[in-house]
Amino acid sequence: MNNNRSLFIASFMTLIAAGVGFAIRGGILADWGAQYGFTKLELGTITGGGLVGFGIVILLASLITDNVGYKPLLLLAFILHVLSAVITLAATPIFEAMGKDATYWCLYIGMFMFAVANGLCEAVINPLVATLYPKQKTHYLNILHAGWPGGLIIGGIIAAFYAGMKDSVPWLRWEIPMTVFLVPTLIYGLIVIKNKFPQSEAKSAGVSYGQMLLTFASPLLLFLLFLHACVGYVELGTDSWIASITDSILTGQGLKLFIYASAIMFILRFFAGPIVEHINPLGLLCVSACFGAIGLYMIGYFESAIMIWIAVTVYGLGKTFLWPTMLGVVGERFPKGGAITMGAMGGIGMLSAGLLGGPGIGYNQDYFATEKLEQLSPPAYERYSVEDKSGFLFFPAIKGLDGSKVGVLNNDGKDLAETVAILKKEGKTEKNITALDQWWQGAKKFAPEDKKPVDEAGIYGGRMALKCTALVPLVMAFGYLILVLYFRSKGGYQVEVLHGEAPVGEHYTGGVEGPIE
């Protein structure tokens, strides 16, 4: 009996799980900052840990999928997805027992494990779907990868409901929405356990691993890898923060904007194949990068609600085609690289997002927010900054704003008072809560004068971070323009041909469209 449909549904569910987990995590970052006292840089590093894990795994797994087989890797991914939930949910007990540093590593490891599971899934589902539908690879791979924004939409809606209800429902904690990704995880896990899998399309490009590795000697491929690192930074790195930043600009609309941008990507990706087939891919990339730069700058510049929605539309249009089209260019120009070059592209994009995008955008928020608050109210800065400085790469170390202190200020200490009362009633003490309460007893008399500058500084930091990030797609646009001119000097962009015939669809790329995107 043909089980193609079941295996395709399982593959689609892996992307739904990844998208749901990613979106909900973005929606609860503020809760982690407020509850555990993390700075924006620390939160960015935690979220970045997930993307780093994804990048490493996709690089390694692309080399072993053919030999190990599809089913064992998906079973391992299923186990890791479940374990990642268990570890992440342990954050609060660990915080109460061991404090902030241990909680940081708990969340980091949980996110890292979640990403490893996603990476294993991605190493399997692309060549698997290509095997299931050998005559319609492009069509079904595009449908498959609509699962990522589909998951973002589902997760964003759940996060929006959570944000609207958490203040009025005392028992509704971040742990509840965080477990929702286990639903699609269980669906794909049961399908994997029950079904048989086909053998892989090993070495579909018809060349050896040695010949595949030789493609990395090409300066053009190295330049494309650099540009894809920029894609990872500006797309996934920004997605880690965009809901939080836009929510500070338009209170209560951040997740709605995130869902809206994801819907744009979800719909358009169903039409990505026909569009790329009829438009020069490098020209499409150049235009997309320009839209991305303009959209990000507009979000950071405009203040009115209607202009922010227009800006997010421009940004959504810009980022939709970047990732898959880049992979398409590599597949067309370097067919001998097969799955290895595709894995390298996906891996470097994820590593860039995790090591540079998430932390870098978080650092920029801290940098500009603290700079602004020091200008507006030096005493408020002293009250709400963390004790120790931290830096990013070669940029100067700074004392960012303490997320827990800002969270107490934002609700006038109500949640803190309730927590203290509960602990007192239960006869318990928690040193972090006690220290925060002692700080608030001295700081709350200044709250009326601190609230406005602290809020203004936070909004300013988010806006400036997006403006700085807009420089990345601007660099990409110039890079793509250079490639357009280069190929024009060579007589135009041409698809490289193996075996003396024009490649059809993605036959010579191993059917690997790339990780998550």
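Rules of the game
- Residues numbered from 1 in each chain as written.
- Predicted model: local features only at pLDDT ≥ 70, side-chain atom pairs only at ≥ 80, totals over all residues.
- Heavy atoms only, no water.
- Axes fitted to C-alpha atoms, helices over the stretch in contact; angles between N-to-C directions.
- Helix = DSSP H or I, 4+ residues; strand = E, 2+ residues; numbered from the N terminus.
- Parallel < 35°, antiparallel > 145°, perpendicular 65-115°, else oblique.
- Left-handed = near helix turned anticlockwise from the far one by under 90°.
- Contact = heavy atoms within 4.5 Å.
- Nonpolar A, V, L, I, M, F, W, Y, C, P; charged D, E, K, R; others polar.
- Disulfide = S-S within 2.5 Å.
- pLDDT = per-residue confidence, 0-100.
- Buried < 20%, exposed > 50% of the residue type's maximum accessible area, 1.4 Å probe, protein only.
- Phe/Tyr/Trp six-rings, centres within 6.5 Å; stacked < 30°, edge-to-face > 60°.
- Lys NZ or Arg CZ within 6 Å of the ring centre and 35° of its normal.
- Salt bridge = Lys/Arg side-chain N within 4 Å of Asp/Glu carboxyl O.
- Expected span 1.5 Å × (residues − 1).
- Pairing = 2+ DSSP bridges.

Draft legend 1. A look at the packing of helix 22 (residues 403-410) against helix 24 (residues 431-443). Where helix 22 meets helix 24, the closest approach of the two axes is 11 Å, and the angle between their N-to-C directions is 55°. By the criterion of interaxial angle, the relationship of helix 22 to helix 24 is oblique. Where helix 22 crosses over helix 24, the handedness of that crossing is right-handed. In this structure, helix 22 uses Ser404, Lys405, Val408 and Leu409 to contact helix 24, whose residues at the interface are Leu436, Trp439 and Trp440. For the contact of helix 22 with helix 24, a count of residues per class yields 5 nonpolar, 1 polar and 1 charged.

Draft legend 2. Quick peek at the state of the cysteines. Following the criterion strictly, the structure yields 0 disulfides and no others. Free of any disulfide, Cys286 has its nearest neighbouring cysteine sulfur in Cys290, separated by 4.7 Å.

Draft legend 3. Highlighting the confidence of the model for the protein chain. On average, residues of the protein chain carry a pLDDT of 81, and 87% of them reach 70 or more. Summarising per-element confidence for the protein chain, the mean pLDDT is lowest in helix 8 (residues 137-144) (66) and highest in helix 11 (residues 182-194) (94). Under a pLDDT of 50 for its full length, residues 500-517 has, in the predicted model, 66 contacts with residues more than four places off or in other chains.

Draft legend 4. Highlighting the environment of Gly458. Counting through the fold element by element, Gly458 comes out in helix 25 (residues 447-469). Note on Gly458: relative accessible area 31%, which makes it partly exposed. When the C-alpha atoms of Gly458 and Thr370 are compared, they prove to be 8.3 Å apart, with 88 residues separating the residues in sequence.

Draft legend 5. Layout of the packing of aromatic side chains. Per the stated rule, a full pass over the model turns up 20 aromatic pairs. Both rings, one in Tyr486 and one in Phe487, keep their centres 5.2 Å apart while their planes meet at 75°; by these two values the pair is edge-to-face. Taken together, the ring pairs connect Tyr363, Tyr367, Phe368, Phe395 and Tyr460 into an aromatic cluster. Above the face of the Tyr460 ring, Lys372 is positioned so that its terminal group lies 4.9 Å from the ring centre. Lying over the aromatic face of Phe446, Arg383 brings its terminal NZ or CZ to 4.0 Å of the ring centre.

Draft legend 6. Focus on the pattern of salt bridges. Counting across every chain of the model gives 4 salt bridges. A salt bridge links Arg269 to Glu235; its shortest N-O distance comes to 3.8 Å. With Arg269 in helix 15 (residues 254-269) and Glu235 in helix 13 (residues 219-239), this residue pair connects regions lying 34 residues apart in the sequence. Since its relative accessible area comes to 1%, Glu235 is described here as buried. Here Arg383 makes a salt bridge to Asp450, at a shortest N to O gap of 2.8 Å. Of this pair, Arg383 sits in helix 21 (residues 378-384) while Asp450 sits in helix 25, and the two are 67 residues apart along the sequence. Each member of the pair, Arg383 as well as Asp450, is classed as buried.

Draft legend 7. Structural context of helix 25. Helix length check: helix 25, at 23 residues, gives a terminal C-alpha distance of 32 Å against a target of 33 Å (1.5 Å per residue), a fit within 8%. Burial in helix 25 covers these residues: Ala447, Asp450, Pro453, Val454, Ala457, Gly461, Gly462, Arg463, Met464, Ala465, Leu466 and Thr469.

Draft legend 8. Structural detail: the packing of helix 22 against helix 25. Relative orientation of the contacting elements helix 22 and helix 25 amounts to 120°, with a least axis distance of 10 Å. With respect to their mutual orientation, helix 22 and helix 25 come out oblique. Crossing of helix 22 over helix 25 shows left-handed handedness. For the pair formed by helix 22 and helix 25, the contact residues are Val406, Leu409 and Asn410 on the first element and Ala447, Asp450, Lys451, Val454 and Asp455 on the second.

Draft legend 9. Molecular detail of the pairing of strand 2 (residues 395-398). Bridge count between strand 1 (residues 390-392) and strand 2: 2 bridges; the pairing is antiparallel. Each bridged residue has a counterpart across the sheet, and for Phe392 the counterpart in strand 2 is Phe395. Between strand 1 and strand 2, which follow one another and run antiparallel, lie 2 residues, and Leu393 among them has a positive phi close to 50°.

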